[in-house]
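# An overview of the molecular structure
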Amino acid sequence: MLLVLMPEPHYDLHTHSTASDGTLTPSELVRRACAQGVDVLALTDHDSVEGIAEAQRAARLLDLKLMAGAEVSVTWRGRTVHIVGLNVDPVSAVLQDGLTRQREFREWRAREMARRLARHGIMGAYEGALALVDGGIVSRTHFARYIVAQGRAKSLRDVFKRFLVSGKPGHVPGEWASLEEAVAWIRGAGGQAVVAHPARYKLSASKLRTLFGEFQECGGVGIEVVSGCHSPDDARSMAVHARSCGLLASAGSDYHGPENPCVELGGLPSLPGDCVPIWASWQD
Ligand code: AMP
Ligand code: MN
Ligand code: MN
Ligand code: MN
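Now for a quick tour of the structure. Quantities reported herein were computed from a predicted structural model and do not represent experimental measurements.

On to the overall build of the protein, then. Along the protein, the regular secondary structure elements total nine helices and seven strands. Its C-alpha radius of gyration of 19 Å places the protein within 12% of the 19 Å reference for a compact globule of 284 residues. Taking the principal axes of the C-alpha coordinates as reference, the protein spans close to 75 × 45 × 40 Å. Looking at the 284 residues of the protein, the share that counts as buried comes to 51%. Relative to all contacts within the protein whose residues are 6 or more apart in sequence, the contacts with residues 24 or more apart total 73%. Split by element, the accessible area of the protein, about 13,200 Å² in all, is 50% carbon and sulfur. Across the protein, the centroid of the 30 positively charged side chains sits 8 Å from that of the 32 negatively charged ones.

Turning next to the site of ligand 1. Close contacts around ligand 1 come from Asp21, His46, Arg106, Arg109, Ser139, Arg140, Thr141, Arg157, Phe160 and His256, and that covers them all. Separating an oxygen atom of ligand 1 from a side-chain N or O atom of His46 is a distance of 2.8 Å. Between Arg109 and ligand 1, the recorded distance is 2.5 Å, taken from a side-chain N or O atom to an oxygen atom. Burial of ligand 1 by the surrounding chains reaches 79%, relative to a free accessible area of 500 Å². Contributing elements (two or more residues each) for the shell around ligand 1: helix 3 (93–119), helix 5 (140–149) and helix 6 (156–164). Classifying every residue of the shell around ligand 1 gives one nonpolar, four polar and five charged.

Now for the packing of aromatic side chains. In total, this model carries four aromatic pairs according to the counting rule given. Between Tyr11 and Trp279, the ring centres sit 3.9 Å apart and the planes meet at 5°, which makes this aromatic pair stacked. Here the residue Tyr11 occupies a position in strand 1 (residues 11–15), and Trp279 occupies one in the segment after strand 7 (248–252), the gap between them amounting to 268 residues. Assessed through its relative accessible area of 14%, Trp279 is described here as buried. Their ring planes at 85° and their centres at 4.8 Å tell us that Phe105 and Trp176 sit as a pair that is edge-to-face. Linking Phe105 in helix 3 with Trp176 in the loop between helix 6 and helix 7 (179–188), this pair joins segments that are 71 residues apart in sequence. Each member of the pair Phe105 and Trp176 is classed as buried. Through successive ring pairs, a cluster of aromatic residues spans Tyr11, Trp279 and Trp282.

Another aspect to go through is the coordination of the manganese ion (ligand 2). Coordination sphere of the manganese ion (ligand 2), protein contribution only: Asp21 (OD), His46 (NE2) and His256 (NE2), at 2.1 to 2.2 Å. Sequence positions of the donors to the manganese ion (ligand 2) reduce to the motif D-x24-H-x209-H. In this structure the manganese ion (ligand 3) is found 5.7 Å away from the manganese ion (ligand 2). Here the residue Asp21 occupies a position in the loop between strand 1 and helix 1 (26–35), and His256 occupies one in the segment after strand 7, the gap between them amounting to 235 residues. For Asp21, a relative accessible area of 3% corresponds to the buried category. When its relative accessible area of 26% is taken as the criterion, His256 is described as partly exposed.

Let us look at the coordination of the manganese ion (ligand 3). Surrounding the manganese ion (ligand 3) are the protein donor atoms Glu71 (OE), His82 (ND1) and His197 (NE2), at 2.1 to 2.2 Å. Sequence spacing of the donor residues for the manganese ion (ligand 3), all on one chain, is E-x10-H-x114-H. Overall, His82 belongs to the buried group, its relative accessible area being 15%.

Let us look at unusual backbone geometry. The backbone phi angle of Arg77 is positive, close to 50°, even though this residue is not glycine. Positionally, Arg77 belongs in the loop between strand 3 (65–76) and strand 4 (79–86). Positive phi values are uncommon outside glycine, yet Asp254 reaches one of about 60°. Overall, Asp254 belongs to the buried group, its relative accessible area being 12%.

Under the definition given, this model contains nine salt bridges. Between Arg32 and Glu264 there is a salt bridge; the shortest N-O distance is 3.1 Å. Taken together, the residues span a long stretch of sequence, with Arg32 in helix 1 and Glu264 in the segment after strand 7 at a distance of 232 residues. On the accessibility criterion, Arg32 (30% relative accessible area) is partly exposed.

Definitions and limits used
Residues numbered from 1 in each chain as written. Chains lettered and ligands numbered in written order. Predicted model: local features only at pLDDT ≥ 70, side-chain atom pairs only at ≥ 80, totals over all residues. Heavy atoms only, no water. Helix = DSSP H or I, 4+ residues; strand = E, 2+ residues; numbered from the N terminus. Rg over C-alpha atoms; globule rule 2.2 N^0.38 Å. Buried < 20%, exposed > 50% of the residue type's maximum accessible area, 1.4 Å probe, protein only. Contact = heavy atoms within 4.5 Å. Areas by Shrake-Rupley, 256 points an atom, 1.4 Å probe, with all protein chains shown as cover. Lys, Arg positive; Asp, Glu negative; His and termini not counted. Charge placed at Lys NZ, Arg CZ, Asp CG, Glu CD. Near = heavy atom within 4 Å. Polar contact = N/O pair within 3.5 Å; in protein donor to acceptor, adjacent residues only side chain to side chain. Nonpolar A, V, L, I, M, F, W, Y, C, P; charged D, E, K, R; others polar. Phe/Tyr/Trp six-rings, centres within 6.5 Å; stacked < 30°, edge-to-face > 60°. Donors = N, O, S within 2.8 Å, 3.2 Å for Na, K, Ca; no water. Salt bridge = Lys/Arg side-chain N within 4 Å of Asp/Glu carboxyl O.

What follows is the structure, encoded as structure tokens:
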């Protein structure tokens, strides 16, 4: 008997395009991912599924499976937490209605951020950020790009640290969806909900367990164990959480473009062996 061992496909289940704050168009992202050896790519723009149709058209011409997704901003106990929806139906009314509400808040927040920044001598930030928006949503990243272009800061990271995070002049607290709403929108669209980059929130192990417990009660099924912004230690400790909570493990680069990636497309490490990959729950 001939035993042929197929290599495991390469999954990247968290990426951004110009439909939110990425710098590659959906088709450029898909082509680059394919060239870099990604077999299954989820496009997960912030609060938007606007890029999915273009990404799907590009993927059809290539040997790459495009999965429809979105990264939904959530306010949980006064903090912002991101929930990735995988395998969603992008035309689902329940998801579309939810994301529309998120975008309305983004629009209001953008004007409010600009008012606050103007009081600190950064003028024209609303118009400046909007001029950099290529798709449907305006994010803090667009503000950061404008402020760097104005010569008021040396890098995006620098802008966030000085102006856009809690306690800084341009910060406006989030009023995003609740955890329950975000998971309901994703499930209503037939998708699976995954906690994005859990090690990024600087939560204690016990707070993380509380988050994961509430998330599961809402119907969430997975967490990102491997993420572009996780260290190897973060991945190991999230694998322990996934196992002990009975959550599936996801892997995504959180790629925003080639300028300054945490990890390049195709460059994600493998999941630790002791967790159950989310793709084990998928039928071919
Ligand atoms: P928003 O959803 O509009 O609040 O913007 C959040 C986005 O800002 C994240 O998805 C990141 O892409 C980006 N971001 C957050 N913190 C930083 C940082 N320190 N440096 C660069 N980009 C950041
Ligand atoms: Mn982003
Ligand atoms: Mn995120
Ligand atoms: Mn992201």
